[in-house]
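# Notes for the structure review
Given next are the chains, with one letter for each unit.
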Amino acid sequence: MASKCEICGKGPWFGKQVSHSHRRSSRRWNPNIQRLKVQHEGRVQRVDVCTSCIKAGKVQRAAV
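Residues numbered from 1 in each chain as written. Predicted model: local features only at pLDDT ≥ 70, side-chain atom pairs only at ≥ 80, totals over all residues. Heavy atoms only, no water.

## Digging into the nonpolar core
What counts here: Take the buried Ala, Val, Leu, Ile, Met, Phe, Trp, Tyr and Cys residues and link them wherever side-chain atoms come within 4.5 Å; each set so joined is a nonpolar core. Relative accessible area decides the class of each residue, using a 1.4 Å probe on protein chains only: under 20% of the type maximum gives buried, over 50% gives exposed, and in between gives partly exposed. What counts as a helix is a DSSP run of H or I of at least four residues, what counts as a strand is a run of E of at least two, and both are numbered from the N terminus. Contacts: residue pairs with any heavy atoms within 4.5 Å of one another.
Among the nonpolar cores identified, the biggest contains 9 residues, and these are Cys5, Ile33, Leu36, Val38, Val47, Val49, Cys50, Cys53 and Val59. For this core, the elements supplying multiple residues, two or more each, are β3 (33-40) and β4 (43-50). Once residues lying within four places of it in the same chain are set aside, the contact partners of Val47 are Glu6, Gln34, Arg35, Leu36 and Val38.

## Quick look at the pairing of strand β1 (residues 13-18)
The test is simple: Paired strands, as defined in this entry, are two strands with at least two bridges between them according to DSSP.
Pairing geometry for β1 and strand β2 (residues 24-29), over 6 bridges, is antiparallel. In the strand pairing of β2, Trp13 is matched with Trp29.

## What to know about the environment of Asp48
Stated precisely, the cut-off is as follows: Polar contacts, as used here, are pairs of N or O atoms within 3.5 Å; protein pairs need one atom able to donate a hydrogen and one able to accept it. Residues neighboring in sequence count only if both atoms are side-chain atoms.
One can find Asp48 in strand β4. In this structure, the C-alpha to C-alpha distance between Asp48 and Glu6, residues 42 residues apart in sequence, is 5.8 Å. Of note is the side chain of Asp48, whose polar atom sits 3.0 Å from the side chain of Arg35.

## Structural notes on the pattern of salt bridges
Operational definition: Criterion for a salt bridge: a side-chain nitrogen of Lys or Arg within 4 Å of a carboxyl oxygen of Asp or Glu.
Counting across every chain of the model gives 1 salt bridge. Of the charged contacts in the structure, one is a salt bridge between Asp48 and Arg35, with a shortest N-O distance of 3.0 Å. In this pair, Asp48 sits in strand β4 while Arg35 sits in strand β3, placing the two residues 13 residues apart along the sequence.

## So, the environment of Gln60
Inspection of the secondary structure puts Gln60 in the segment after α1 (51-56). Here the alpha-carbon distance between Gln60 and Ser21, two residues 39 residues apart in the chain, equals 47 Å. If near-sequence neighbours (up to four positions away) are discounted, Gln60 is found in contact with Val38 and Gln39.

## Let's talk about the state of the cysteines
Worth spelling out the cut-off: Any two cysteine sulfur atoms within 2.5 Å of one another count as a disulfide.
Applying the stated criterion across every chain yields a total of 0 disulfides. No disulfide involves Cys50; its nearest neighbouring cysteine sulfur is the one of Cys53, lying 3.5 Å away.

## Let's talk about unusual backbone geometry
Most peptide bonds are trans, and most residues other than glycine sit at a negative phi. The backbone phi angle of His22 is positive, close to 70 degrees, even though this residue is not glycine. Here His22 is to be found in the loop between β1 and β2.

Shown next, in the form of structure tokens:
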């Protein structure tokens with residue numbers, strides 16, 4: 001599954017996971033990407049979109 005939103009460009013971000021004893025290991029936070037059928041320029045396309053763009057109404061879902 002793609003890890004980048006095609007609308008806003010949101011992708012994974014990286015950092016360190018820190019335990020209670022302060023041991024650190026690398027960590028990756030992935031955005032919640034969904035594959036939707038959307039109406040774009042008069043035709044239906046499959047697009048990888050993050051859920052925040054779906055909630056904000058930045059994409060128009062295709063009629064099923």
